[in-house]
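# Overview (structure and organization)
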Amino acid sequence: MSQLKLHNVVMTSAAVIALSAGAAAAQQACANYTVEDGDTMASIAIAAYGTSNYQPIFNANRENISNPNALTPGLSLVLPCEDGSLPNGQSARDIIEAQQERYANSSTNSAFKQPIKLVTGNGWAPFADETLNGGGFITRVGTTTLQRAGNNEQYSISFVDDWNSHIETLLPLGAFDISMAWNIPDCTNRSYEWSWETEVRCTQFHASAPVYDIVFGFYSLPESQFASATSFEDLHGATICRMEGWPLHDLEQEGLLRDDTMTVLQPATARECLDAVITGTADVATFEVQLFADAMSQMGLNTNDIVENPYVSTLSALRFITHRSNPQGKKYLALMNKGLNEMRETGEWYAIISDTLNEHNERLLEAIN
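All values reported here derive from a predicted model rather than from experimental measurement.

Once that is clear, we can look at the overall build of the chain. Helix and strand counts for the chain stand at 13 helices and 11 strands. Structurally, the chain occupies a C-alpha span of about 60 × 50 × 40 Å along its principal axes. Among the 369 residues that make up the chain, the fraction classed as buried is 54%. Residue pairs in contact within the chain that sit at least 24 positions apart in sequence constitute 77% of those at least 6 positions apart. Accessible area of the chain: about 15500 Å², with a carbon and sulfur share of 45%. Within the chain, one finds 20 positive and 44 negative side-chain charges whose respective centroids are separated by 12 Å.

The structure is reproduced here in C-alpha cells:
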C-alpha cells in the first residue's frame, strides 16, 4: 500500500470555539505548565483547551517529549496560545516576517542549473492545500528550507493529488525531484518482515530528516479490555481499524501485524473506523489524535462513548523523499535538511506550522457560522 492520504490534522472546530469562549479554557492555555503525577497529554489538553486533541502541545514541546504516553512529573510544558504562538514570545507572524526580511535581499544561488522540482498532494489541509497560504504547512516548510541556511535555491512547486503516482512514476522517471511529505519507517529495523510498502519506501527512496511528527492514538470502548492495555502485546488478538491509504509500518514495527489472530480493517474515513468500534466490528481504531478529536465532534461523541488508551501510541515522521535514481537527489535533501535545522533554531519551523493551523481553524469557524 503505497498511497499516503494526509487527512485533517487540526484542532476541531468545537475546540477552537472553546478556546475563544471562556476563562476556564484560558487558565492554562498560553502559559507554562508543570506535569503532575497522573497527567496525560489528553487531560492537559482538555483542561487547557476543552479538547483531547494534544497535537498542538506536542508540536510545541517535541524536543522534550519522546513518548506522549509517558510524561514525567515535573516536566515543564509550553501550552500554546489560542493563535498557536508561544507564551512570552513573538507571535508566529512576527517570527515569519522577521525571517523573510532577513533573507529578502539574498541573491539566488545558481549551483543547480535547473530549478528543483517539488511536488506534493492537494486538498489535504492543513498539510498540503493550494487554497492555504503557501500551500499548507508542509509545503511552506519545504519551500522555505530552500531559502534558508544560505541555500537560496530556485524551485518550482506542483500539486498532484495522486500519491501513488509520486512514487510509482513521477519521481522514478525524473518528472519531479522531491515529493512532500511521506511517512517513512525506520529502515534500520530489520527485526520484522517488511511489507511491500515498507520495502519500497526503504529501498527505492532517500528521505530527509523528520519534518513533522504526528501521534497515532488507539481508541476503543471504555469497557473494552483493550482500553486498559498497557503495552502493544496486550493488543494482540484485536481487530484494528485504520483508514485505507494510511501507513501501517508503525503497527508492523510493534509486532501487531505478525500475529495470525490480528485483523486490520481499512475503510475510507475516520468516522467509519469509530463507527466500527461503536458497533463492535472493530475493537480498536487508530489514527491521528487531532483527526480523532475532529471526528468525535462531528459524530457528537465524547469520552463516555470512546476513549483513548493512555499507555500506547505510535509516532510517525513526515519527510521529504527523492528517488535513488536521481543523481542530485541526496544533494537536494542535504540542502533541505540544512534549511530545516536553521528554521528549527530560529523558531520559524514552529511559526509556520502554528500560523497555518490558525488559518485553517479560522476557516473551520467561518464554515460553521
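So much for the structure itself; the text now carries on.
This part is about helix α3 (residues 41–49). For an α-helix, 3.6 residues make a turn, and residues three or four places apart therefore share a direction. Along α3, the positions that sit buried rather than exposed are Met41, Ala42, Ile44, Ala45, Ala48 and Tyr49. For α3, the arc enclosing every buried residue in end-on projection is 160°, short of the 170-degree limit, so these residues lie on one face. Just beyond α3, the residue with positive phi is Gly50, at close to 80°.

Turning our attention to the state of the cysteines. Going through the model one piece at a time under the given rule, you end up with three disulfides. Across a sulfur-sulfur distance of 2.0 Å, Cys187 and Cys202 are joined as a disulfide pair. A torsion of -80° about the S-S bond marks the disulfide between Cys187 and Cys202 as left-handed. With Cys187 in the loop between β5 (178–183) and α8 (196–203) and Cys202 in helix α8, the pair connects residues that are 15 residues apart, well separated along the chain. Between the sulfur of Cys241 and that of Cys273 lies a disulfide, 2.1 Å long from S to S.

Packing of helix α10 (residues 270–279) against helix α11 (residues 289–299) leaves a shortest axis separation of 9 Å and a crossing angle of 70°. The angle between α10 and α11 places the two elements in the roughly perpendicular class. In contact with Ala270, Arg271, Leu274 and Asp275 of α10, α11 contributes Leu291, Phe292, Ala295, Met296, Gln298 and Met299. Of the residues in the contact of α10 with α11, the class split is seven nonpolar, one polar and two charged.

Any two side chains of opposite charge can pair, so long as their charged atoms come close to each other. Under the definition given, this model contains eight salt bridges. Ionic pairing is found between Arg62 and Asp213, a salt bridge with its closest N-O pair at 2.8 Å. Here Arg62 is found in the loop between α4 (55–60) and β2 (76–79), whereas its partner Asp213 is found in strand β7 (residues 212–220), with 151 residues between them in sequence. Given the relative accessible area of 24%, Arg62 is considered partly exposed.

In this structure the tally under the stated criterion is nine aromatic pairs. When the centroid spacing of 5.5 Å and the interplanar angle of 80° are considered together, the rings of Trp163 and Trp182 count as edge-to-face. In this pair, Trp163 is assigned in helix α7 (residues 163–170) and Trp182 in strand β5, connecting sequence segments 19 residues apart. When sorted by exposure, Trp163 lands in the same class as Trp182, which is buried. Relative to Phe287, the ring of Tyr219 lies with its centre 5.6 Å away and its plane at 50°, an arrangement referred to as tilted. Of this pair, Tyr219 sits in strand β7 while Phe287 is found in strand β10 (residues 284–288), placing the two residues 68 residues apart along the sequence. This pair shows no difference in class: Tyr219 is buried, exactly as Phe287 is. Ring pairs connect the aromatic residues Phe127, Phe137 and Tyr212, which therefore count as one cluster. A cation sits over an aromatic face here: Arg190 above Trp194, 3.6 Å from the ring centre.

Further remarks concern the side chain of Asp39. The topology assignment puts Asp39 in the loop between β1 (31–34) and α3. Despite being buried, Asp39 has no salt bridge partner; Arg62 is the closest side chain of opposite charge, sitting 18 Å away. Polar contacts involving the side chain of Asp39 include one to the side chain of Tyr33, which spans 2.7 Å. For Asp39, the side chain forms a polar contact with the main-chain nitrogen of Glu36, separated by 2.8 Å. Not counting the four nearest positions on each side in its chain, Asp39 is found in contact with Tyr33, Thr34, Ile44 and Leu71.

Moving on to the confidence of the model for the chain. Across the chain, the average pLDDT comes to 87, with 91% of residues at or above 70. Within the chain, the lowest mean pLDDT, 36, falls on helix α2 (residues 23–26), and the highest, 98, falls on strand β6 (residues 205–207). Low confidence marks residues 1–27, where pLDDT is under 50. Its contacts with residues over four positions away, or in another chain, come to 99 contacts.

Turning next to unusual backbone geometry. A cis geometry characterises the amide bond from Ala125 onward to Pro126, with omega recorded as 5°. Along the polypeptide, Pro126 turns up in the loop between β3 (116–120) and α6 (137–145). With an omega dihedral of 5°, the bond running from Met180 to Ala181 counts as a cis peptide bond. By the secondary structure assignment, Ala181 is in strand β5.

About the criteria used
Per chain, residues are indexed from 1 in the order of the written sequence. For a predicted model such as this one, the threshold for reporting local features is a pLDDT of at least 70, and the threshold for listing and counting side-chain atom pairs is 80 or more; totals across whole chains, interfaces and linings nevertheless cover every residue. Side-chain figures throughout are based on the complete set of non-hydrogen atoms in the structure, without hydrogens or water. By the criteria applied, helices consist of DSSP H or I runs no shorter than four residues and strands consist of E runs no shorter than two, each listed in order from the N terminus. Only protein chains enter the accessibility calculation, which uses a 1.4 Å probe; a residue is then buried when its area is under 20% of its type maximum, exposed when over 50%, and partly exposed in between. Contact between two residues is taken to exist if any of their heavy atoms lie within 4.5 Å; hydrogens are not considered. For accessible areas, the Shrake-Rupley method is used with a probe of radius 1.4 Å. Any residue's cover is judged against the shown protein chains and nothing else. For the charge count, each Lys or Arg is scored as positive and each Asp or Glu as negative, with His and the chain ends excluded. For this purpose, a charge sits on NZ of Lys, CZ of Arg, CG of Asp or CD of Glu. Think of the arc as the fan of directions from the helix axis to the C-beta atoms. Sulfur atoms of two cysteines make up a disulfide when they are within 2.5 Å. An axis is simply a line fitted to the C-alpha atoms; with a helix, the fit covers only the stretch in contact. Between two such axes, the angle follows the N-to-C directions and lies from 0 to 180 degrees. With respect to orientation, any angle under 35 degrees is reported as roughly parallel, any angle over 145 as roughly antiparallel, any angle of 65 to 115 as roughly perpendicular, and every other angle as oblique. Each residue is assigned to one class: nonpolar for Ala, Val, Leu, Ile, Met, Phe, Trp, Tyr, Cys and Pro, charged for Asp, Glu, Lys and Arg, and polar for all the others, Gly among them. When a carboxyl oxygen of Asp or Glu lies within 4 Å of a side-chain nitrogen of Lys or Arg, that pair is called a salt bridge. Aromatic rings from Phe, Tyr and Trp, taking only the six-membered ring of Trp, are treated as a pair when their centres fall within 6.5 Å; an angle between ring planes under 30 degrees marks them as stacked, one over 60 as edge-to-face, and anything in between as tilted. In this scheme, Lys NZ or Arg CZ marks a charge over a ring once it lies within 6 Å of the ring centre and within 35 degrees of the ring normal. Polar contact criterion, stated in full: a pair of N or O atoms within 3.5 Å, where within protein one must be able to donate a hydrogen and the other to accept it, and residues adjacent in sequence count only if both atoms are side-chain atoms. For every residue, the predictor reports its confidence as pLDDT, a number between 0 and 100.

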